[in-house]
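# Structural characterization, general
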Amino acid sequence: MSQTVGDFLVERLHAWGVKKMFGYPGDGINGVFGALNRANGKIEFIQARHEEMAAFMASAYAKFSGELGVCIATSGPGASHLVTGLYDARLDHMPVLAITGQQARTAIGGHCQQEVDLPSLLKDVAGAFVEQASAPAQVRHLVDRAIRTALGERRVTAIVLPNDLQEAPYQEPPRKHGTVHSGVGFAKPKTMPYEADLRRAADVLNVGKRVAILVGAGALRATDEVIAVADRLQAGAAKALLGKAALPDDLSWVTGSIGLLGTKPSYELMMECDTLLMIGSGFPYSEFMPKEGQARGVQIDIAPDMLSLRYPMEVNLVGDAAETLRALLPLLDPKGDGKWRQRIADNVSEWWKTLEERAMVDANPVNPQRVTWELSPRLPDRVIVTSDSGSCANWYARDLKMRRGMMASLSGGLASMGAAVPYAIAAKFAHPDRPVIALVGDGAMQMNNMAELITVAKYWRRWSDHRWIVCVFNNEDLNQVTWEQRVMEGDPKFDASQQIPNVPYHKFGELIGFKGIYVDRPDALGVAWDEALAADRPVVLEVKTDPEVPPLPPHITFEQAKHLTEALTKGDPHEGSIIKETAKQVWASLIPGK
Ligand SMILES: Cc1ncc(C[n+]2csc(CCOP(=O)(O)OP(=O)(O)O)c2C)c(N)n1
Ligand SMILES: [Mg+2]
């Protein structure tokens, strides 16, 4: 059989170094699946339960491996299912290529079954490059450009392949007018600011007396460099959610997460600094940043469009974090008396005590903060942790102490529910020898994570480390939003939208061959984590948690507090069960600095 366009596509992806592809089949893309089959495992196909999950996997694979993520789906519904997962990659600046099928070229425009205008549908999310192929000789440069653009610009790109074209004989572009002759290969550039701009940055940083650093995902591969610069400047450092693994939490001057899900020392660091150095972060909430004019700012980012976006910076450096910091370091003067850093360290150690107290408060039946608090010291070396969007993201952000060598991520920019399990699956395909833990709310479990456990059941035996744990926070509530209704809007809980059915998640795990563990007593948590981490197979650890423990920001505003009070007095159906101790914590955290 001569080489089809499908065969060529697989061959070309392989030439680009693509090793894995996440997706779901359908007749609109059968020509490529036939080719994948004929290619005898040259590219491993990983079958998700749903195309959105495959796109989340591609996004997370890019995050955890540092390589291109690839997902594939059929025409029409398969392609439209991909969209949310692709937006996750887009908003977190991940290089992802989506390949989708399409109706036959002869049928396009004919209101055919499963015919969707895919270039238009994908135009926003894959705006950097989205093309529908119409001739065999075109496919070579479509693949080359789509991959080079995705890698070079850290964007989502898409190729739409009509199904008849996939089966057509491949043809190299003939040497004639109107053809394109592209090639394979991309070498990541070393992106560095000019010396004069580094000096301007150093001038700002050298005169600062109280330097605050904010790191994000862009600093994940610059841990040593950030530490060296922070030590030289005697600075404290806060971490945006996607940069959680950029700095270990056992350093006394690391204040942990920032923002709504963040810590009080991070808030204080930002409110009290006179100089801000922001590295590889698009952290969106400016109310957690210094007030305009309070601090002089220097920012380093690989993407020019992310500079001076959240705070007006004096020096804006386009550069790779590690390279730029390495070049900056010799220009920085060692700083003074260490008082600022000591103050930060004192705040941090105070805060860890507060977190412990909060985790130990009695709740009905289990305080969700205790779940992550007990996990934190038990985190195995080199673990990869993922979290879903929901109240568990608060506990993930605050309670888990990262150590050197660990990885952690979630759907950051899009903050989509349903990402934790596909992220944790992709983590295993990127690093089969690492233990993986996913933290998930029951709502997100019901939405789609539960089905994706079947994917784990299908593949876990081929992972060299079998530890794959999903911890489900069963609170029968869409709790993060319940609290947002109460605190942000001052409304009582709307049971019709918030209450969700009780499901025995651990039993579902057992049904499909996992170990199931159920915990409804706080003192059983430690043992449960130990058991889960010692298991020889994937685990569903289900914890019955209390929905009345508020996942409030470290410092909530007076307005929000007032709304909370109103909600409590306006006949919230759960008014009576708001535990007294928790209410006290809430009030204690209202006043900044207290
Ligand atoms: C796809 C999607 N839909 C809706 C939301 C809004 N949302 C954010 S958190 C949340 C509640 C999540 O509930 P659950 O998973 O049970 O976690 P909990 O907050 O109860 O711990 C909702 C509805 C979202 N972020 N993503
Ligand atoms: Mg819930």
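Rules used throughout
- Numbering of residues starts from 1 in every chain and runs along the sequence as written.
- Naming scheme: in the order in which they are written, chains are lettered from A and ligands are numbered from 1.
- Totals for whole chains, interfaces and linings use every residue, but because this is a predicted model, local features are given only for residues with pLDDT of at least 70 and side-chain atom pairs only at 80 or more, for both listing and counting.
- Heavy atoms from the whole structure form the basis of all side-chain values; hydrogens and water molecules are not counted.
- Runs of H or I in DSSP of at least four residues are treated as helices and runs of E of at least two as strands, each being numbered from the N terminus.
- Summary of the burial criterion: residues with accessible area below 20% of their type's maximum are buried, those above 50% are exposed, and those between are partly exposed, where the area comes from a 1.4 Å probe applied to protein chains only.
- By the convention used here, residues are in contact when the closest approach between their heavy atoms is within 4.5 Å.
- For the accessible areas, the method is Shrake-Rupley and the probe is 1.4 Å, while residue cover comes only from the protein chains on display.
- Here a polar contact means two N or O atoms within 3.5 Å. Within protein one must be a hydrogen donor candidate and the other an acceptor candidate, and residues neighboring in sequence count only if both atoms are side-chain atoms.
- Atoms of type N, O and S within 2.8 Å of a metal are treated as its donors, and for Na, K and Ca the window is 3.2 Å; water is not considered, so some sites may appear to be missing partners.
- Definition used in this section: a nonpolar core is a set of buried Ala, Val, Leu, Ile, Met, Phe, Trp, Tyr and Cys residues joined via side-chain atoms within 4.5 Å.
- The rule for pairing is simple: two strands pair if DSSP sees at least two bridges between them.
- Lines fitted to C-alpha atoms define the axes here, with helix axes fitted over just the stretch in contact, and angles between the N-to-C directions of these axes take values from 0 to 180 degrees.
- Note on definitions. A residue lies near a molecule or strand when any single heavy atom of the residue is within 4 Å of it.
- Roughly parallel here means an angle under 35 degrees, roughly antiparallel means over 145, roughly perpendicular means 65 to 115, and every remaining angle is called oblique.
- Helix crossings fall into two classes, left-handed where the near helix is turned counterclockwise from the far one by less than a right angle and right-handed where it is turned clockwise.
- Under the scheme applied here, ten amino acids are nonpolar (Ala, Val, Leu, Ile, Met, Phe, Trp, Tyr, Cys and Pro), four are charged (Asp, Glu, Lys and Arg), and all others, including Gly, are polar.

A count of helical and extended segments in the protein chain gives 22 helices and 18 strands. Here the C-alpha coordinates of the protein chain stretch approximately 75 × 60 × 45 Å along the principal axes. The burial tally for the protein chain puts 59% of its 594 residues in the buried class. Counting contacts in the protein chain only where the partners sit at least 6 residues apart, residues at least 24 apart contribute 75% of the total. By element, 52% of the accessible surface of the protein chain is carried by carbon and sulfur atoms, the whole surface being about 22900 Å².

Counting buried residues in helix α13 (residues 368-375) gives 8 out of 8 residues, a clear majority hidden from the surface. Every buried residue belonging to α13 is among Pro 368, Gln 369, Arg 370, Val 371, Thr 372, Trp 373, Glu 374 and Leu 375, and all of these are buried. A distance of 3.0 Å separates the backbone nitrogen of Gln 369 from a side-chain oxygen at the start of α13, and that oxygen is part of Asn 367.

Around the magnesium ion (ligand 2), the donor atoms from the protein are Asp 442 (OD), Asn 475 (OD1) and Asp 477 (O), and they sit 2.0 to 2.1 Å away. The sequence motif formed by the donor residues of the magnesium ion (ligand 2) is D-x32-N-x1-D. Taken together, the residues span a long stretch of sequence, with Asp 442 in helix α16 (residues 442-459) and Asn 475 in the loop between β16 (468-474) and α17 (479-487) at a distance of 33 residues. Per residue, the accessibility class of Asp 442 equals that of Asn 475, and both read buried.

Looking now at the nonpolar core. By size, the foremost hydrophobic cluster in this structure holds 60 residues, and its most contacted members are Leu 86, Leu 122, Trp 468 and Val 470. If you look at the next biggest cluster of nonpolar residues, it comprises 38 residues, including Ala 245, Leu 261, Trp 395 and Leu 533.

This next bit is on the sheet that holds strand β9 (residues 254-257). Strand order in the open sheet made by the 6 strands is β9-β8-β7-β10-β11-β12, with parallel pairing throughout. Both outer strands of the open sheet, β9 and β12 (315-318), are each paired with one neighbouring strand and no more. Each strand axis lies, on average, 15 degrees off the axis of its neighbour in the sheet, ignoring direction. In this sheet, strand β8 (residues 236-239) lies alongside strand β7 (residues 211-215) in parallel orientation, the contact comprising 4 bridges. Directly across from Val 215, in β8, lies its bridge partner Lys 239. Its contacts with the sheet put helix α8 (residues 195-207) on β7, β10 (275-279), β11 (296-301) and β12, and the angle it makes with β12 is roughly 135 degrees.

Turning next to the sheet that holds strand β13 (residues 384-387). Strand-to-strand pairing in sheets goes through backbone hydrogen bonds, with the strands running parallel or antiparallel. Taking strand neighbours across the sheet as the criterion, the 6 strands line up as β14-β13-β15-β16-β18-β17 in an open arrangement whose pairing is parallel. Unpaired on one side and paired on the other, β14 (407-410) and β17 (515-519) mark the two borders of the sheet. Ignoring which end each strand starts from, the neighbouring axes of this sheet average 15 degrees apart. Inspection of the sheet shows β13 paired to β14 by 4 bridges, in the parallel sense. When the bridges of β14 are listed, Ser 387 appears paired with Leu 410. Across the sheet, α13 is in contact with β15 (436-441), β16 and β18 (539-544); its angle to β16 comes to roughly 160 degrees.

Turning next to the site of ligand 1. Close contacts around ligand 1 come from 17 residues, with Ser 391, Asp 442, Gly 443, Asp 477 and Gln 480 the closest. Gln 480 places a main-chain nitrogen or oxygen 2.8 Å from an oxygen atom of ligand 1. Here ligand 1 has 580 Å² of accessible area as a free molecule, and 77% of this is covered by the chains. Broken down by secondary-structure element, the contributors of at least two residues to the shell around ligand 1 are α16 and α17.

To continue, consider the side chain of Asn 448. By secondary structure assignment, the location of Asn 448 is in helix α16. For Asn 448, a relative accessible area of 12% translates into the label buried.

Where helix α1 (residues 5-15) meets helix α2 (residues 30-38), the axes come as close as 8 Å, and the angle between the chain directions of the two elements is 60 degrees. Between α1 and α2, the angle falls in the class oblique. In this structure, the crossing between α1 and α2 has a hand that is right-handed. Contacts between α1 and α2 involve Gly 6, Asp 7, Leu 9 and Val 10 from the first element and Gly 31, Val 32, Ala 35, Leu 36 and Arg 38 from the second. Partitioned by chemical class, the residues of the contact of α1 with α2 number 5 nonpolar, 2 polar and 2 charged.

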